[in-house]
Amino acid sequence: LSGMSFPDILSNLRVEYSLNLLLRGMTVLDAALESGFETERSFYRVFRKVTGTTPGEYLKGKTS
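Residues numbered from 1 in each chain as written. Predicted model: local features only at pLDDT ≥ 70, side-chain atom pairs only at ≥ 80, totals over all residues. Heavy atoms only, no water.

K.L.:
So what's going on with the overall build of the chain? Residues and values would help.
P.N.:
Looking only at helices and strands, the chain features 4 helices and 0 strands. Its C-alpha atoms give the chain a radius of gyration of 11 Å, near enough to 11 Å, the size a compact globule of 64 residues would have. Counting across all 64 residues of the chain, residues that qualify as buried make up 27%. The contacts in the chain between residues at least 6 apart in sequence include a share of 35% that link residues at least 24 apart. (Helix = DSSP H or I, 4+ residues; strand = E, 2+ residues; numbered from the N terminus. Rg over C-alpha atoms; globule rule 2.2 N^0.38 Å. Buried < 20%, exposed > 50% of the residue type's maximum accessible area, 1.4 Å probe, protein only. Contact = heavy atoms within 4.5 Å.)

Okay, structure coming up:
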């Protein structure tokens, strides 16, 4: 966390929270909204920036 800006820290925390929701079976849209993202599009953009993958690709890797 050292050297990270507040918006970057917040994005990482939101994505981490959304990952837990997705792994529990929540839809991408619901996880995005529950995690504090205003739109599914903004969620995808930040998710990809933080994890390097899309939510669907991430889940495929976790379930295989």
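From this point, the narrative continues.
K.L.:
Before we move on, can you summarise the pattern of salt bridges with the specific residues and values?
P.N.:
For the structure on display, the rule yields 1 salt bridge. One salt bridge in this structure joins K49 and D8, with 3.8 Å as the shortest N-O distance. Residue K49 is found in helix α3 (residues 40-51), and its partner D8 is found in helix α1 (residues 6-23); the two are separated by 41 residues along the sequence. (Salt bridge = Lys/Arg side-chain N within 4 Å of Asp/Glu carboxyl O.)

K.L.:
So, the side chain of S35: which residues are in play, and what are the values?
P.N.:
Within the element layout of this structure, S35 appears in the loop between α2 (28-34) and α3. The class for S35 is buried, based on a relative accessible area of 6%. Setting aside residues no more than four positions away along its own chain, S35 makes contact with R14, Y17, S18 and L21.

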